[in-house]
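Coordinate inspection notes
Given next are the chains, with one letter for each unit.
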Amino acid sequence: MSYQIGKAEFNFSLEYLDSMEDYYAGINEISAMKDFDPGVDDAVEYIRNCCEHITQFFDNVVGEGTSKAAFGERVNVKELYAAYHKFLSDTQAEQDEIIKVVNPVKADAPQLMNHEQRRATAKAQQKERKKAAIVTSDLQ
């Protein structure tokens, strides 16, 4: 499939396992950064670090040199973040098609989840574990 990333157009498909692995590994790495809460003094360095992770994501997932071709030498934070979120949104349709092929809908079959669903499920499970730990410590 063809995707517009920044100022350039690239071919990319999640149908290949290596592409899928790189894609999800990159998203998970960037998502983990969102949990970091920088102080006011660290804000610029935090944004720079996030931008570097996003440009590395594009280079790892789409191909080496993608970020330079798409964004040039100078990083515009708004353009970079907009391109990242648009890429995730654009690839969602492809993910949905793959899920339909890999996991046909059956009433009793567990369904594959996309990144947002997995993240929400993990957070809910973490909350439940914390609640259970509090209840257990209260009983002792």
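Described below are features of the structure shown in this document. Bear in mind that the values here come from a model prediction, so they are computed numbers and not experimental data. (Residues numbered from 1 in each chain as written. Predicted model: local features only at pLDDT ≥ 70, side-chain atom pairs only at ≥ 80, totals over all residues. Heavy atoms only, no water.)

A look at the pairing of strand E1 (residues 2-5)
Side chains Tyr3 and Ile5 of E1 all project onto a buried face; the interleaved residues Ser2 and Gln4 project onto a face where none is buried. Inspection of the sheet shows E1 paired to strand E2 (residues 8-11) by 4 bridges, in the antiparallel sense. Following the sheet pairing, serine 2 is matched in E2 by asparagine 11. Here E1 folds back onto E2 in antiparallel fashion, the turn holding 2 residues, of which glycine 6 has a positive phi close to 60°. (Buried < 20%, exposed > 50% of the residue type's maximum accessible area, 1.4 Å probe, protein only. Helix = DSSP H or I, 4+ residues; strand = E, 2+ residues; numbered from the N terminus. Pairing = 2+ DSSP bridges.)

Brief notes about the side chain of threonine 55
Residue placement: threonine 55 occurs in helix H2 (residues 43-61). By relative accessible area, threonine 55 is classed as buried at 17%. What threonine 55 contacts, discounting residues up to four positions off in sequence, is Ser67 and Leu80. (Contact = heavy atoms within 4.5 Å.)

Re helix H1 (residues 17-34)
With 18 residues, H1 should reach 26 Å at 1.5 Å per residue; the first-to-last C-alpha distance of 26 Å fits that figure. Within the sequence span of H1, burial applies to Ser19, Tyr23, Tyr24, Gly26, Ile27, Ile30, Ser31 and Met33. (Expected span 1.5 Å × (residues − 1).)

Some points on the layout of surface pockets
Roughly 270 Å³ of volume is contained in the largest pocket. Along the walls of the largest pocket sit 14 residues, with Ile27, Leu88, Gln92, His115 and Glu116 positioned nearest its centre. Breaking the lining of the largest pocket down by element, the ones donating at least two residues are H1, helix H4 (77-102) and helix H5 (115-139). (1 Å grid on protein atoms, 1.4 Å probe; cavity = no way out; pocket = protein on both sides within 12 Å on 5 of 7 lines; lining within 4 Å. Points joined across faces, edges and corners; volume = space filled by probe spheres on them.)

With respect to the state of the cysteines
Within this structure, the stated rule accounts for 0 disulfides. Free cysteine: cysteine 50, not disulfide-bonded; nearest cysteine sulfur from cysteine 51 at 6.9 Å. (Disulfide = S-S within 2.5 Å.)

Re the pattern of salt bridges
Counted under the stated rule, the structure contains 3 salt bridges. Two residues, lysine 68 and glutamate 73, come together in a salt bridge whose shortest N-O distance is 3.5 Å. (Salt bridge = Lys/Arg side-chain N within 4 Å of Asp/Glu carboxyl O.)

Focus on the nonpolar core
Counting residues in each nonpolar core, the largest one holds 24 residues, and the members touching the most others are Ile5, Tyr23, Phe57, Phe58 and Phe87. Elements with a contribution of two residues or more to this core: E1, E2, H1, H2, helix H3 (66-71) and H4. If one sorts the elements of this core by residue count, H4 sits on top with 6 residues. (Core = buried A, V, L, I, M, F, W, Y, C linked by side-chain atoms within 4.5 Å.)

Description of the environment of histidine 53
Here histidine 53 is to be found in helix H2. Assessed through its relative accessible area of 21%, histidine 53 is described here as partly exposed. Once the C-alpha coordinates of histidine 53 and glycine 26 are considered, the two residues, 27 residues apart in sequence, prove to be 8.2 Å apart. The residues touching histidine 53, leaving out its near neighbours within four places in the chain, are Glu29, Ile30 and Met33. A polar contact of 2.9 Å, which involves the side chain of histidine 53, links it to the backbone oxygen of asparagine 49. (Polar contact = N/O pair within 3.5 Å; in protein donor to acceptor, adjacent residues only side chain to side chain.)

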